[in-house]
Amino acid sequence: MTAVLEPTLSYSSSIPRAHVHRAAICEVFLTDIICESYPQFRLGVQLPRVHSYYSDHNVVVRQYDPLLLLETFRQASILISHRHVEAPLDAKFVFNAGALEVVDLDAVRVGPAPAAGVLDATITAEKRRGADIVGITLAMTLALDGAAAATMSMTIQWMPGDAWDRLRQKGRAPLQLDPARPHPLHERVEPREVARHSFDNVVLSRIGVAGDTVRSQVLVDQAHPGLFVTRSTTCRAP
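Quick look at the structure, then. Not measured: the values here are computed from a predicted model.

With that settled, consider unusual backbone geometry. A cis amide bond, omega 20°, links Y38 with the succeeding residue P39. Tracing the backbone through its elements, the reader meets P39 in the loop between strand 1 (30-37) and strand 2 (40-45). You will see that A195, though not glycine, has its phi angle at about 60°, which is positive. Take A195: it is sitting in the loop between helix 2 (161-172) and strand 7 (204-210).

Shown next, in the form of structure tokens:
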């Protein structure tokens, strides 16, 4: 009888920040990745229980923010692309579509100890340009301490940096963004009105209600360290 030992995920450190396009080590939420049979992957996840943005909710029951879960899935898609689909490390990514569902509110409660997260991901489709893979669609499930917490489907693609820059400039040109206009951050609504503690994490202002329609201006602090922190042998696609 031969015993088969399944590889186990490590939670001892985060993966290299460049592999998920982040500048700060504290903003990397993945700890490991295993590919036993392409196109299926298993990733280790450790979510921050205290975060300047993702845990600033003024609520009674502390839960992991859905945007934190979304960012974790985003990082997983980039890591898989670099490690196992040969996307160059200097490639820039476009996120074409995604659908996030929190499946169990109890599973996303913040506990007294860091949750051991396991993210299972499967590549369900590939986008090719000639013989090269330039995009993938992923089906992903995140479990925290053994309980299914969230699922996400995501379609992404990548391209060389100069091509991405041209695409971005083309999209910005009709918006008349030059010269840059200051964001009147002092006009943000009170944090308590949007269940936040800090003004730094408020992005709404000038809220108006007309019938069943609510309209608000969105003010985003582009210097926010949590919202805008980008980066400064394997299983491979056949």
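Alright, that's what it looks like, and here's the rest.
Our next topic: the side chain of D56. Within the secondary structure layout, D56 lies in the loop between strand 2 and helix 1 (66-84). In this structure D56 is buried but unpaired, with R196 as the nearest side chain of opposite charge at 4.3 Å. There is a polar contact of 3.2 Å between the side chain of D56 and the backbone nitrogen of S198. Among the polar contacts made by the side chain of D56, one reaches the side chain of N201 at a distance of 3.0 Å. Setting aside its immediate chain neighbours within four residues, D56 contacts H51, A195, R196, H197, S198 and N201.

Counting residues in hydrophobic clusters, the biggest one holds 45 residues, and the most contacted among them are L43, Y64, I80, L119, I136 and W158. Residue assignment for this core shows that the elements contributing at least two residues are strand 1, strand 2, helix 1, strand 4 (117-129), strand 5 (132-144) and strand 6 (147-159). When residues of this core are assigned to their parent elements, the largest contribution, seven residues, is made by helix 1. Not counting residues up to four positions away in its chain, the partners in contact with Y64 are L47, P48, R49, L69, V108, R109, V110, A115 and L144.

Attention shifts here to the sheet that holds strand 4. Taken together, the six strands give an open sheet; going across it, the order is 1-2-4-5-6-3, and neighbouring strands pair in antiparallel fashion. Lying at the two open borders of the sheet, with one neighbouring strand each, are strand 1 and strand 3 (92-102). Averaged over all neighbouring strand pairs, the angle between strand axes comes to 25°, with direction disregarded. The pairing of strand 4 with strand 5 spans 12 bridges and is classified as antiparallel. In the strand pairing of strand 5, R128 is matched with I133. With respect to the sheet, helix 2 is in contact with strand 3 and strand 6, its orientation differing from that of strand 3 by roughly 75°.

Definitions and cut-offs
- Residues numbered from 1 in each chain as written.
- Predicted model: local features only at pLDDT ≥ 70, side-chain atom pairs only at ≥ 80, totals over all residues.
- Heavy atoms only, no water.
- Helix = DSSP H or I, 4+ residues; strand = E, 2+ residues; numbered from the N terminus.
- Buried < 20%, exposed > 50% of the residue type's maximum accessible area, 1.4 Å probe, protein only.
- Lys, Arg positive; Asp, Glu negative; His and termini not counted.
- Salt bridge = Lys/Arg side-chain N within 4 Å of Asp/Glu carboxyl O.
- Polar contact = N/O pair within 3.5 Å; in protein donor to acceptor, adjacent residues only side chain to side chain.
- Contact = heavy atoms within 4.5 Å.
- Core = buried A, V, L, I, M, F, W, Y, C linked by side-chain atoms within 4.5 Å.
- Pairing = 2+ DSSP bridges.
- Axes fitted to C-alpha atoms, helices over the stretch in contact; angles between N-to-C directions.

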